[in-house]
Every structure is written in structure tokens, then in C-alpha cells.
Amino acid sequence: MDNTNKTLPISERLVLLVKNPTKIFVFWRWNKAKTENFLNKNFKKEVILKFYYAPERSFACQKSLKWDKFKEYMDIPQKGKDYYAIMHAETEEGEVIQLMESNVITVPGLESEEVKDTYASGFFKKESV
Amino acid sequence: MLMLHAHLPYVNHPGTTDIFEESWFFEAVVETYVPIISMIEKLAKDGIRPAITISISPTLGAMLENKLLEKKLNDYINSRIELITKETHNASDNPLLLKTLKMYEELYSLASETMQRHQGNLITPFKQFQQAGLIEVITSSATHAVLPLLSHPEALRAQIAVAADDYQDRFGKKSRGFWMPECAYDKRLDTYIKLAGFDYTFMEAHAVKKSRYGVYAPLKTQNGLNIFVRDIASSKEVWSAKFGYPGDSSYREFYRDLGYDADYEYIKPYLGMGKGRKPLGIKYHRVTGNVDLAQKALYDPDLAKATIARHAEDFLTKRLKQMDDIYSDSSIKPIIIGCYDAELFGHWWFEGPAFVEAIIRRIREERLPLQFVLPGEYIDSCQEPETIEPDISSWGENGYFDPWINEFNDEIYPNIIATTERMIETAGRFKNQTIDNVTTRALNQASRETLLSQNSDWPFLMYINSHSDYAFSRINDHCANANQLLTQIIEKNIDESFLSELENRNNIFTRIDFRVFSPASRF
């Protein structure tokens, strides 16, 4: 079947990017339908980001954020682990609904303090500003 | 082992002149790439095999072969020669300044002569050097993306596979080595680098903390990818402006420049179309010490030359001691690996190429028990490396990804990742379809734009607040170009003039096949 002229979906995503051993950068984007659905239904205006260890799928930590913040730097409970996240929304009645799941990332095993002398890239460019 | 990673982001603006960011290329050619070429030629002429490794990023390779940039570069060199001639006339009563101006005259004349000798294509000498066994040339990812920050495996594979093809087209053979941009690694890369046909890569020391001999013996991953690990001790002596050689008081001061010092009306013809002053690459002062820029002393080429010799001796003395200490502790004959941005040598640290040449010559002249070795030949001759599982890492500030993900640049990632996703989705749709030439061209150009949006230089420039507007606009433009093309492709309404304009401007990776982004790639 030729689906080449089917309109590309407005994609939504929950993405994790590793920043350093203690912080993950997370951002999310919703499409129009999801946004309208969220705002029209009886959801609290916060989303809950739950982080899990991969591949065990065991719970690591969670944080509640305003739904339209769209990004956050998360503190990580354990370095050297793989993580993924699932975003949830909670209704006023307390029902928790899963919204989206992220990619899996690996967090470094060493503290930045232990490697601070190693950097070389961009030193001169940074100094030139 | 000395590995110089030469890279510039792709900057090509046909139809316009005086784009300030194009001067990055001109300065790097004159101050780094030509001096390195000249160094290798001189050593070879004297029967000395340099045995250094040079990584040339695909974007830099494309710029070195670009005819339009060649013309602009020649104009740049000629304008500087004209300025130097004027300055020489004006400095007739200042012998020290005249010495420095003579040095610049030789520098720019060498650039002009080298360009002419190679018909404007500076890839040619590197190819010749490699064919003669003097050096080894390797490649890096297609557009120098920080690979661990690409969340889609298809994007990883595209960056690596396109680089492999690009090298094959440029050098007529496969590259054995792959330089990961920013020395950034995560465990996903092992498979993709090996599958693309590369034999080895380089990593930071903190990626391999658990290895038996640390950084002094080669390692390999479970997949058989050989790893050379950067030595921190020797590296810091060279790259640190505060603690290393480049900060010496006799070396050229980078931040004093004729573009800021000279009378504005006099210098205006050389500043280009933009408003305000900018550096011209003509610098008359030396580091001097911890003083204000205004108090810097005049540069003395002879004084700097003497310091180069002293530093080369110091560097080699330390390496010999380092090797003796390692041998005493571990009974292995260590390999010490120095990896640097090539642009450190010549552009940021003006005396850098002369320092490297001095080291190589000194080893020969004094018959020191040290030898520069190429990675490929070392792998072929060494015993079976220890197998390890490297950790995620980079050579960026603090050892991970802080420079590329922070409050100054994190806004770029939703756009880049959304564009990448659309490219993957579209490539998947069309990969098995019979498509016409225009659609193929549009898909391929969308692939180029997607790759170009992933360049690590843009978020870094935003982080250090240098050319940040330009960097941000580059990301947005490439994403917009890719998205516009992808929409036109789906709607079967491709604007051919828009497509041609993009093909002319971002004319890189001539052989790219959009299917490299498809979910089930040729891997």
C-alpha cells in the first residue's frame, strides 16, 4: 500500500538526554489532540514524571511538574544506571493515567568532580569570549 | 601517538561575501592546516616520517574542496598580504615589529603558494602524505554531532554511515579510524562504529577506569572495536593556556589584534561589510604575563623560537620519564596518546605546529627511545588488547555533556529531535517505493539538512555566547529546510527552485542516500 502521501503526524514525545552523572535533561512535546484532551478533561494541571531503572523496570524516582513547563533538569538517584521515564496525569478524583514513555539513556558512573581535569575541547574558544 | 582532529562546522554562503563566520575557515587554513602541511613536507624532505594521525571531519573536508570558498580564501589571503605590505612600510623604524611582519608575510605567502600548488584543494596533500605512509588520515561523524545526544539509533547510524561513505569518496579507500566528535561515547556507538567498517576510535581516560593498564595499552570492546585512550598528563601540558606551554609569556597573544588596535578608517577596508571591528589574524603582541591586554609587550619571533625548543625538550623529557615510570610499575611498553583539536596548533596557539615539528626532529636528532606510531600499524602489530566495557564520557567541560545541554542551548533539542523523527518516518515510507528524480533529490537534501542541524558546534557557541545568534539560526534554518522539504515530498508538491537553492548552498555528501535514515537500514 502506498502511504507516501499520508500526512506526517504531528508527533509527540518524551525525551531524556544525559547531561552529567547527576542530571538528566528531560523535555516533552504534545500534539494538539493530546493538549486539548488534557485541558478539557478533569486532570490536575501537573504531570507526574516517574523514572525507572532499565532493564529492571523498577521505580527510581518521580517529580510533579506543571504540564506546560515542557522541560526539566532531573536529579538522578544513582549514577551509572540506565533510566527511562513515563509521564502520567492524575485526575481530580485521583485516577492516574499514563501519557507517554521516553527513550532509555545511560547515566555516567563517575562524578564530574572526578574528571574535571580532563576536558580539552573548546577551552580556547570559551576563553576567547 | 599524536592525533590531531581537524574540524570546522559547515559554513558556505554562496552569493554573499563578508560572512564573518566564513573567516573561521580562512584563519584555520592559514594558521593551522597549511603550517601542518608544510611541517609534514619539510620532515619528509629530511627523511623523517612524522607518523601522526589526522582526523578530517566531513564538513571540513567538503569546505577544503569547495571552489567558491577557495576563491574567497584566495581573496582573504591577498587582502592580508596587502595589509601586511602597508604595515611593513609603516613600521620601517621598528625592527622588532618588522621581524613579526616578515613572519606574517612568509605565513600568508606560504598559504598562497600551497593553495596554488594543489590547485586550491588542500585535501590533495593529505591524501598524498597518507599514500606515502607518512601519516594516517581518519574521519569523524558526518556533521560532528555529539552522538550520545542523538536519541534515535537511526540518527546515530546515519551520522556514522554517511561519514564512512564520505571518506571513501574523498580518499578512495576506507578509513580505519573514527574520531567520535567531542570524544563523546555511549555504549550504543560501539556497534554502529564497528558495523560501519571502522577498526578503532579514541576515548577519554574516564571512559576506561577499570582497565588493567589504564590509558597506556590499547583496549577493545566486546564487539572488537579497538580503543586508544587519551593521556591526561601529556595533554594538559599542551592544551592548557593557564598551566601548559601555550600560556608562556613569549608566545603570541591571541586577544590583541590589529583589527582592534589600528585606526578605524585605516583598517576599515579589511573589516568587511559588517559594522564594527573584528580580529584580522595580524597580532603583534606576546602573552607577556598576567597583565592587561593594553600592557602586552611586542612579540619577538626569535624569543618564541627559543621557547619552542625549550618546551619541546621539556615535553620529551617528561614523556621519557613517564614511560620509564610506567614500565617500572607494570612491565609494559606503554603507548602514550595525545589527542587535540588540530586548530589548537597554529590558530589558538600560534607556535603549535613549530612545537610539534621540534618534537619530531628532536627524537630523530637525539636518537631518543621514543617513536611516533600510527594507530593502524600499531593495531596490526600489538598483542591482543584487553577487552573492556567503556563508560559514557566526553572530553567536554567536566567530562560529560554540560557544554551542549544547559540553559543557554537546551531549547534547540525539541526542534532537532522532531526534525530527525520526521526524516526517519519519511525515509521509512519511501525506502521501497519507486520514486522520480526530483523526489529522490528532495529526500536526499532533507537528509543533509537533518544531519547539518545536529552539528555540535552550534549549541557550544550558544553556550559560550559567541556567534550565538548565527548558531541558533543555523539550527533553525536546517530544521526548517528539512521540514519544508519533507512536507513538500508528502504533498507531492516539491518546489524545485527551493530545492536547487538548498542543493547549491548545502552541497555536502554528494552520494547520500536518504534510506540511511530509514528504520530498517542497510545495516
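Because the structure is predicted, anything quoted here is derived from the model rather than measured.

Conventions used here
Residues numbered from 1 in each chain as written. Chains lettered and ligands numbered in written order. Predicted model: local features only at pLDDT ≥ 70, side-chain atom pairs only at ≥ 80, totals over all residues. Helix = DSSP H or I, 4+ residues; strand = E, 2+ residues; numbered from the N terminus. Pairing = 2+ DSSP bridges. Contact = placed C-beta atoms within 7 Å. Axes fitted to C-alpha atoms, helices over the stretch in contact; angles between N-to-C directions. Domains from an automatic or database assignment. Nonpolar A, V, L, I, M, F, W, Y, C, P; charged D, E, K, R; others polar. Expected span 1.5 Å × (residues − 1). Buried ≥ 20, exposed ≤ 12 C-beta atoms within 10 Å, placed from the backbone.

A. Structural view of unusual backbone geometry. Note the cis peptide between A54 of chain A and P55 of chain A, where omega equals 5 degrees. Its location among the elements puts P55 of chain A in the loop between β3 (43-54) and β4 (58-66). Located in the positive-phi region is N465 of chain B, a residue other than glycine, with phi close to 55 degrees. Relative to the helices and strands, N465 of chain B resides in the loop between α16 (457-463) and α17 (468-490). Positive phi, close to 55 degrees, is recorded for K492 of chain B, a residue that is not glycine.

B. Inspection of the sheet that holds strand β5 (residues 200-203) of chain B at higher detail. Residues and elements named next belong to chain B. In spatial order, the strands read β8-β1-β2-β3-β4-β5-β7-β6-β9; together these nine strands make up an open sheet with mixed pairing. Only two strands of the sheet have a single neighbouring strand rather than two, namely β8 (338-341) and β9 (386-387). Here helix α5 (residues 123-131) sits on the sheet and contacts β2 (52-56) and β3 (135-140); the angle it forms with β3, its principal contact strand, is near 125 degrees.

C. Broad picture of the domain arrangement of chain B. Residue and element names in this part refer to chain B. Its domain assignment divides chain B into domain 1 (2-244 + 311-398) and domain 2 (405-517). One C-alpha centre belongs to domain 1, the other to domain 2; they are set 28 Å apart. Every contact between the two is made by 27 residues of domain 1 and, on the other side, 20 residues of domain 2. Here the side of domain 1 that touches domain 2 gets ten residues from one element, more than from any other, and that element is helix α6 (residues 153-171). Class assignment for the residues of the side of domain 1 that touches domain 2 results in 13 nonpolar, seven polar and seven charged.

D. Main features of helix α15 (residues 437-453) of chain B. All names here are of chain B. The end-to-end C-alpha distance of α15, which contains 17 residues, comes to 24 Å, matching closely the 24 Å that a straight helix rising 1.5 Å per residue would cover. Most of α15 sits inside the fold, with twelve of its 17 residues counted as buried. Buried residues of α15: A442, L443, N444, Q445, A446, S447, R448, E449, T450, L451, L452 and S453, and no others. In this structure, the buried side of α15 is in contact with α6, α14 (412-430), α17 and α18 (496-505).

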